[in-house]
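Letter by letter, the chains look like this.
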Protein chains: 2
Amino acid sequence: MDQLEVRVPGPTPLPPQVRQALSRPMVSHRSQAFRDLLHGLDLRIRPMLGTQQEVLFLTASGTGGLEAAICNTIEAGDRVLSLSTGYFGERFAGIAARYGAKVDYLRARPGATVDAGAVAARLSTASFRAVLVTHSETSTGVLNPVGEIARVVNEASNRPLLLLDGVSSLGAVPLAMDTLNVDVVVTASQKAWMTPPGLAMVALSDRAWERASGCTSPRYYFDLAAARDSALRGETPWTPGVSLLYGLEAALGLMEAEGFERVTARHLRLAARVREGLVQLGFSLVAAPGFESPTVTAAYLPAGVEAHQLTACLERDFGIQIAGGQADLKGRIIRIGHMGYIGEDNVTNLLRSIESALALIREEVR
Amino acid sequence: MDQLEVRVPGPTPLPPQVRQALSRPMVSHRSQAFRDLLHGLDLRIRPMLGTQQEVLFLTASGTGGLEAAICNTIEAGDRVLSLSTGYFGERFAGIAARYGAKVDYLRARPGATVDAGAVAARLSTASFRAVLVTHSETSTGVLNPVGEIARVVNEASNRPLLLLDGVSSLGAVPLAMDTLNVDVVVTASQKAWMTPPGLAMVALSDRAWERASGCTSPRYYFDLAAARDSALRGETPWTPGVSLLYGLEAALGLMEAEGFERVTARHLRLAARVREGLVQLGFSLVAAPGFESPTVTAAYLPAGVEAHQLTACLERDFGIQIAGGQADLKGRIIRIGHMGYIGEDNVTNLLRSIESALALIREEVR
């Protein structure tokens, strides 16, 4: 196979326009050309996050963005409520624990989401610095109901900060950050943004900025106040990933040309097709009905087929990379990313390839 | 000007082969193709750092690599000796201070280096956890004598760890990390490695690894033990900057084809030409004789010419970006990067352009 089609839940495929932009010559990050680039990216991403706050660009992958969210708002001894629905919920909470937070968990079984009523009940029992939520839980293909969760967080006495991992959702799933009063939003280039990994985008509410100024956790590279100070003059405090920012600029151009509403509608439509196709082929979905992520689908395999057989056969014989499960779900599920640069034909090809691969595997077994 | 020539001290120009590699399609970072890529890069960079230790790849710029060096070895209350010879020496020490280190400074005036005898004297007065050294100080164009410093550190009772900022030196200046017993070495893609910013490369000695396992500073994204655990199977713990790693692979191919000895000789030769040319044009060098960096030259301007006039004229009329001074040297000097993808013709063009720009500026003034 000359070129693989990546359908893992990130990194996602690159449009030709993005690939071309990546190969542009370097420019000084202390030049007007760079300042114009960064300033434009900030302004163009804001509506896709539903915010008028500044969008900051960190040269790091999504996990670095999550650490920035934590180390600028959480310090040792802070009580934090983790609404963990899988591997990446655990990671977000794990970062807080590294910074000395006392983490309370409201966990859901794989495929389920945390009930907003349960969140409200827990918030009434104690005072929390922050609530951690994963928007699209990449390990299970669940989209957590951020709107409902934000409502109960907003109604809590001693209202905690609401920190959102939007790594695998934003750019494909709309968010009304300012309206919902989400305090920190994190996303990353290699998901719906159709750009290689290496950029995390972060936005903070006024309350989060206020907290950051008093937060004592040690930080330097991820010091968001330093990032904001530099952003005021269109710069970054440390040398930024210039080529990745070029790529992101090209990707935003494509998203704007399609129209952001159409982008989000396309993701919903293609996700539904992937799910229906998998169910027809004998898979069962991990995500509970009504909570399916528009960007990632996780599914238990049909009887008699092992996950590693399917992923290996798809890569070897059909040139398609999909992912397996993580942690407890390792070996039990497959995961497919359908975000960013993907259209109807890709889904058709993907489902046909999976069907053929299943037939091949069963042929070999017989 | 259609395309600018970047002669700032990073990011540096990209060879066409690197630009092409950057535009390659994505691949899953949990695939054999990626594992082969990462493993190969590790093995190929080791000789250029003079180490048999594993080279770890962080998706971050150089400052992120420096923070990784600090937060894996330094904790609150640790006493640290900073051999600061400029802006980046201060940054390295500043990161340690953020983690609660008590920082002692041995500073040198701009252009000078710290005397190894003074280091030995200071080390005999107290017990330090670590000594921080900047190899090529990008703010002054000084190459600090790592060999001499390493010798006195090695001879100290209660030998401290030796942490080296090799961001703007390595890949162009050889280092014998293992022979000199340097404990942590950091470099970054956008300097002599001819790759866009976004990758930091870090290597640790056995002593540094031992210290890291006991170091209590909070860290997650920059947890080097996690990076090493993943590296054992050719992976990174968090999604890596795949396209930048492709670029680095292409750059290493060019460096190997030229031969690393010839690469380092070329840097010495071109640096000497830049210095001689600038002196002939009336500049005076910041770096003291004998301590000039092979990668960066900083120079005070000829009488009657302001730094901002020269940088603006060079960019506008000659399409060349050079840098100004930082901190106290802002407005007082220019800085030129001559590392990575640079040859005799580039230096000729650079010096001629500066000569012409000086004439234009003087013409306007008259």
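Residues numbered from 1 in each chain as written. Chains lettered and ligands numbered in written order. Predicted model: local features only at pLDDT ≥ 70, side-chain atom pairs only at ≥ 80, totals over all residues.

A. Spotlight on the relation of the copies chain B and chain A. Placing chain B over chain A gives an RMSD of 0.0 Å and needs a rotation angle of 180 degrees, together with 0.0 Å of translation along the axis. Between the two chains, the operation in question is that of a two-fold axis. A high fraction, 100%, of the interface residues of chain B reappear at the interface in chain A, so the copies pair face to face through one surface. (Least-squares fit on C-alpha atoms with pLDDT ≥ 70 in both. Contact = placed C-beta atoms within 7 Å.)

B. How the structure looks around the nonpolar core. Judged by nonpolar contacts, the single largest core of 253 residues is most densely connected at V202 of chain A together with V202 of chain B. Beyond its immediate stretch of four places on either side in the chain, V202 of chain B contacts L56, L58, G65, A68, A69, V184, V185, V186 and L224 of chain B. (Core = buried A, V, L, I, M, F, W, Y, C linked by C-beta atoms within 7 Å. Buried ≥ 20, exposed ≤ 12 C-beta atoms within 10 Å, placed from the backbone.)

C. Spotlight on the interface of chain B and chain A. Between chain B and chain A, the residue contacts involve 49 residues of the former and 49 residues of the latter. Counting residues per element, the ones that place at least two in the side of chain B that touches chain A are helix 1 (16–22), helix 3 (62–71), helix 4 (87–98) and helix 10 (242–258) of chain B. Examining the composition of the side of chain B that touches chain A, we find that four residues originate from one element, helix 3 of chain B, more than from any other. Residue composition of the side of chain B that touches chain A, grouped by class: 23 nonpolar, 21 polar and five charged. (Helix = DSSP H or I, 4+ residues; strand = E, 2+ residues; numbered from the N terminus. Nonpolar A, V, L, I, M, F, W, Y, C, P; charged D, E, K, R; others polar.)

D. The arrangement of the domain arrangement of chain A in detail. All names here are of chain A. With domains assigned, chain A is organised as domain 1 (5–12 + 260–365) and domain 2 (16–256). Contact with domain 1, which involves 26 residues of that partner, is made by 26 residues of domain 2. Elements that contribute at least two residues to the side of domain 1 that touches domain 2 include exactly helix 11 (260–280) and strand 12 (296–300). Split by residue class, the side of domain 1 that touches domain 2 holds 15 nonpolar, nine polar and two charged. (Domains from an automatic or database assignment.)

E. Main features of the packing of helix 3 (residues 62–71) of chain A against helix 4 (residues 87–98) of chain A. Residues and elements named next belong to chain A. Following both chains from N to C, one finds helix 3 and helix 4 inclined at 45 degrees, their axes separated by 9 Å at the closest point. Judged by the inter-axis angle, helix 3 sits oblique to helix 4. The chirality of how helix 3 crosses helix 4 is right-handed. Across the interface between the two elements, T63, L66, E67 and I70 of helix 3 pack against R91, F92, I95 and A96 of helix 4. Its residues assigned to classes, the contact of helix 3 with helix 4 comprises five nonpolar, one polar and two charged. (Axes fitted to C-alpha atoms, helices over the stretch in contact; angles between N-to-C directions. Parallel < 35°, antiparallel > 145°, perpendicular 65-115°, else oblique. Left-handed = near helix turned anticlockwise from the far one by under 90°.)

F. How the structure looks around the environment of R211 of chain B. Residue and element names in this part refer to chain B. Relative to the helices and strands, R211 resides in helix 8 (residues 206–214). Judged by the 21 C-beta atoms lying within 10 Å of it, R211 falls in the buried class. Taking the C-alpha atoms as reference points, R211 and I74, 137 residues apart in sequence, are found 8.7 Å from one another. Leave out the neighbours within four places in its chain, and R211 touches T73 and L161.

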